[in-house]
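Results of the structural survey
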Amino acid sequence: MSARGGRQSMSELRYRRLLEHNQRLREDLARPRIRVSEASANLIRHCKTTRDHLVPSVWGPVAKNDDPYTPQSKAPTCCVVQ
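Residues numbered from 1 in each chain as written. Predicted model: local features only at pLDDT ≥ 70, side-chain atom pairs only at ≥ 80, totals over all residues. Heavy atoms only, no water.

Under an unreviewed UniProt entry, the name given to the protein is G-protein gamma-like domain-containing protein, and the source organism is Hygrophoropsis aurantiaca.

1. Description of the overall build of the protein
Across its full length, the protein carries three helices and zero strands. Relative to its full complement of 82 residues, the protein shows a buried share of 4%. Just so you have it, the protein exposes about 8,300 Å², and 57% of that area is on carbon and sulfur atoms. (Helix = DSSP H or I, 4+ residues; strand = E, 2+ residues; numbered from the N terminus. Buried < 20%, exposed > 50% of the residue type's maximum accessible area, 1.4 Å probe, protein only. Areas by Shrake-Rupley, 256 points an atom, 1.4 Å probe, with all protein chains shown as cover.)

2. Examining the confidence of the model for the protein
Keep in mind that low pLDDT regions are not for reading the predicted coordinates in detail. Of all residues in the protein, 79% have pLDDT values of 70 or greater, and the mean over the chain is 82. Put simply, helix α3 (residues 56–59) is where the protein has its lowest mean pLDDT, 77, and helix α2 (residues 36–49) is where it has its highest, 94. (pLDDT = per-residue confidence, 0-100.)

3. Quick look at the pattern of salt bridges
All told, the structure shown has one salt bridge when counted by the stated rule. Across the salt bridge formed by D28 and R31, the nearest N and O atoms sit 3.1 Å from each other. (Salt bridge = Lys/Arg side-chain N within 4 Å of Asp/Glu carboxyl O.)

4. A few points about a nonpolar patch on the surface
A cluster of nonpolar side chains, namely L54, V55, V58 and Y69, defines an oily patch on the protein surface of about 420 Å² accessible area. Along the chain, L54 turns up in the loop between α2 and α3. For L54, a relative accessible area of 59% translates into the label exposed. (Patch = residues over 30% accessible without salt bridge, like charges linked within 9 Å, V, L, I, M, F, W, Y side chains within 5 Å.)

5. Comments concerning the environment of V62
Examined against the element boundaries, V62 turns out to sit in the segment after α3. In this structure V62 comes out as partly exposed when scored by relative accessible area, which is 23%. Separated by eleven residues in sequence, V62 and R51 have C-alpha atoms that sit 10.0 Å apart.

Listed below in structure tokens is the structure:
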């Protein structure tokens, strides 16, 4: 293998890496974006309207049948060893 052939393959490798990097940049550019103020407003609206059962001091006590964090199964409370 000659030194020139090695240089060409290195050039091709660099070129291929540049093409891949360029493609990633194009994908990033095409990603939909929103303004920070709009994202903040959406987050505040979500926090005010979505009930968080882990913060009862804000939302009040939660009934056991409405609480998604209580065990829902009627399995026995003891351990089962198989």
